[in-house]
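Structural overview
Each chain, written out:
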Amino acid sequence: MSDHIRIRRDGGILEVVIDRPKANAIDLATSRAMGLIFRDFRDDPDVRVAIVTGAGEKFFCAGWDLKAAASGDAVDGDYGVGGFGGLQELRDLNKPVICAVNGICCGGGLEIALSTDLIIAAEHATFALPEIRSGTVADAASIKLPKRIPYHIAMDMLLTGRWLDVHEAHRWGFVNEVLPAERVMARAWELARLLESGPPLVYAAIKEIVREAEGSTFQTAMNKITKRQFATVDRLYSSEDQLEGARAFAEKRSPIWKGQ
């Protein structure tokens, strides 16, 4: 495990803090450590939600550590389980992940944010893909960003490397909420508590459907749902939680989710 990643668990919530002064940039060793953390999060049925953030008040994450690259870390080296930052390519991650952006979020840091499900940002947060200026490509962002925000805005960021302030990011739908810096983590934990109390099997089905549908037509995805060809949907439709949800509704009470 890396000295530059701090984790804290409270109930079914895992908090992951990138703590690598001064810019929370990620080298190969840190990326591999993050991969192991998020793999264990994925595989532990008792942990239901994760929050990822950066230490300090200036940087969420500056992305790939160019100083480490200059010292020998290969840009196409072994990033570990889940690819860069442990989230970018982690297979079958069917649990909610919240990103709490506490400052500069650029390059690979922005790609980590794109790999999460909800983004809460401080009023001073800024976003950019400056790879163009160092002669490389923001690979994951080139795939994901044009699907998340208007095409021309995404291409502007990719082709020019220009910075977005948090309010513009919110306007384009990239950020869910903008808050004073001192309230960001409290709000992230509030959302995590809400999700922790929800139905984990339904979350798993939602995430698999959304992920798989990106590369499918509407009808193909619908057919896979109705024929129970998604593993998470098949499990949900055969679960105690499915019956519990219906019973709780009929009995006008809050459901008790067991993840079974």
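The protein has the name Crotonobetainyl-CoA hydratase in an unreviewed UniProt entry, where Rhizobium lentis is given as its organism. UniProt annotates the protein under Sequence similarities (unreviewed entry) with the comment "Belongs to the enoyl-CoA hydratase/isomerase family."

**Quick look at the nonpolar core**
Phe-38, Val-101, Phe-127 and Phe-174 are the most contacted members of the largest nonpolar core, which totals 47 residues. Per element, the largest residue contribution to this core is five residues, and it comes from helix α1 (residues 28-43). Non-local contacts of Phe-127, meaning those with residues more than four positions away in its chain, are made with Val-101, Cys-105, Leu-110, Ala-121, Met-157, Arg-162, Trp-163, Leu-164, Val-166, Ala-169, Phe-174 and Val-175. Of all hydrophobic cores here, the second largest spans 15 residues; its members include Ile-98, Val-184, Ala-188 and Trp-189.

**A few points about the side chain of Glu-131**
Here Glu-131 shows up in the loop between β8 (126-128) and α4 (139-148). Arg-133 is the oppositely charged side chain nearest to the buried, salt-bridge-free Glu-131, at an N-O distance of 9.1 Å. Setting aside chain neighbours within four positions, we find Glu-131 in contact with Gly-107, Gly-108, Thr-136, Val-137 and Ala-138.

The rules we used
- Residues numbered from 1 in each chain as written.
- Predicted model: local features only at pLDDT ≥ 70, side-chain atom pairs only at ≥ 80, totals over all residues.
- Heavy atoms only, no water.
- UniProt positions renumbered as here; feature names shortened; annotations may be inferred.
- Core = buried A, V, L, I, M, F, W, Y, C linked by side-chain atoms within 4.5 Å.
- Buried < 20%, exposed > 50% of the residue type's maximum accessible area, 1.4 Å probe, protein only.
- Helix = DSSP H or I, 4+ residues; strand = E, 2+ residues; numbered from the N terminus.
- Contact = heavy atoms within 4.5 Å.
- Lys, Arg positive; Asp, Glu negative; His and termini not counted.
- Salt bridge = Lys/Arg side-chain N within 4 Å of Asp/Glu carboxyl O.

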